[in-house]
Amino acid sequence: PDVQRAPLEMQAAARHAAGAVAAPALGGGRAAIAGTHLEGRLAAEQQRLQAHDVIVLQHPFYWYSAPSLVKEYLDLVLEHGFAYGATGRALEGKVMVNATTTGGPEAAYQAGGRNRFTMRQLLAPFDQTAVLCRMTYLAPFVVHGTHRLDTAEAMQPAERLYRQLISGLRDGTVDLARGSAAE
């Protein structure tokens, strides 16, 4: 089975859905990132986030979180005074959601399951980040058991659901109150 297929298929589904959804590219700038691969991109990334109503953090689920580059992106781009703090209101009213994949089955990510916690609980730092930035955080979109999804046909149900989510976010047909309360 191709473990990397699911994230690529999710990316393809998102591209086909198109619309006003920002899936952040890695960026950065200022003193904190001088000399890194992110240097010089902070203003562009902040403008990109401001230009969209929805921020999708699309990533595989590694060690009960997102890969370090996603965390680095948030650390650098969501600056005090821009995204949070008394004057940091640039993202206020926007929507944030994680779109992620796991190798394990859904049953493993439940209270009482092998991993002891739900995906929503494991992604709580992203929820709190959204709240700090005055955004609405939606329950994560998760494709479980990707190591078993070794054909394009096996990915079709997940692709369809992801396409519906992205299109619904773009078109404003997703019930945000329900989505933010969902597990």
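Preceding this paragraph is the structure being described.
In what follows, the accompanying structure is described. In this text the structure is predicted, and so the values were computed from the model without any measurement.

### Regarding the packing of helix α2 (residues 42-50) against helix α3 (residues 68-77)
Okay, so step 1: Two elements in contact, α2 and α3, have axes whose closest approach is 10 Å; the angle formed by their N-to-C orientations is 95°. One way to sum up the angle between α2 and α3 is to call them roughly perpendicular. For the pair α2 and α3, contact is made by L42, E45, Q46 and L49 and by Y73, L76 and V77, respectively.
Okay, so step 2: Considered class by class, the residues forming the contact of α2 with α3 number 5 nonpolar, 1 polar and 1 charged.

### Remarks on the pairing of strand β2 (residues 54-60)
Okay, so step 1: Across the 7 residues of β2, 6 count as buried, placing the element largely inside the fold.
Okay, so step 2: Once the chain exits β2 it traverses α3 before rejoining the sheet at strand β3 (residues 95-101), and the crossover so formed is right-handed.

### Observations regarding the packing of aromatic side chains
Okay, so step 1: Applying the stated criterion across every chain, the model contains 3 aromatic pairs.
Okay, so step 2: Plain terms: the ring middles of F61 and Y109 are 6.0 Å apart, the flat faces sit at 80° to each other, and that makes the pair edge-to-face. Remark: Y109 occurs in the loop between β3 and α4 (119-122) and F61 occurs in the loop between β2 and α3; sequence separation between them is 48 residues.
Okay, so step 3: Residue class for Y109 comes out buried when judged on its relative accessible area of 9%.
Okay, so step 4: Between the aromatic rings of F141 and Y162, the centroid separation amounts to 4.9 Å while the plane-to-plane angle is 40°, which identifies the pairing as tilted. Residue F141 is found in strand β5 (residues 141-143), and its partner Y162 is found in helix α6 (residues 152-171); the two are separated by 21 residues along the sequence. Each member of the pair F141 and Y162 is classed as buried.
Okay, so step 5: Aromatic rings pair up to connect F61, Y64 and Y109 into one cluster.

### Thoughts on unusual backbone geometry
Okay, so step 1: Phi angles above zero are rare outside glycine, and R116 is one such case at about 70°.
Okay, so step 2: Within the secondary structure, R116 sits in the loop between β3 and α4.
Okay, so step 3: Of note in the backbone geometry, R134 takes a positive phi value of approximately 60° without being a glycine.
Okay, so step 4: On the secondary structure map, R134 appears in the loop between α5 (124-132) and β4 (136-137).
Okay, so step 5: The exposure class assigned to R134 is partly exposed, which follows from its relative accessible area of 26%.

### Description of the pattern of salt bridges
Okay, so step 1: Under the definition given, this model contains 5 salt bridges.
Okay, so step 2: Residue E45 pairs with R41 through a salt bridge whose shortest N-O separation is 2.9 Å.
Okay, so step 3: Its relative accessible area of 0% is what places E45 among the buried residues.
Okay, so step 4: With a closest N to O distance of 3.1 Å, D127 and R120 form a salt bridge. This pair shows no difference in class: D127 is buried, exactly as R120 is.

What counts as what
- Residues numbered from 1 in each chain as written.
- Predicted model: local features only at pLDDT ≥ 70, side-chain atom pairs only at ≥ 80, totals over all residues.
- Heavy atoms only, no water.
- Axes fitted to C-alpha atoms, helices over the stretch in contact; angles between N-to-C directions.
- Helix = DSSP H or I, 4+ residues; strand = E, 2+ residues; numbered from the N terminus.
- Parallel < 35°, antiparallel > 145°, perpendicular 65-115°, else oblique.
- Contact = heavy atoms within 4.5 Å.
- Nonpolar A, V, L, I, M, F, W, Y, C, P; charged D, E, K, R; others polar.
- Buried < 20%, exposed > 50% of the residue type's maximum accessible area, 1.4 Å probe, protein only.
- Right-handed = clockwise from strand over helix to strand, strands pointing away.
- Phe/Tyr/Trp six-rings, centres within 6.5 Å; stacked < 30°, edge-to-face > 60°.
- Salt bridge = Lys/Arg side-chain N within 4 Å of Asp/Glu carboxyl O.

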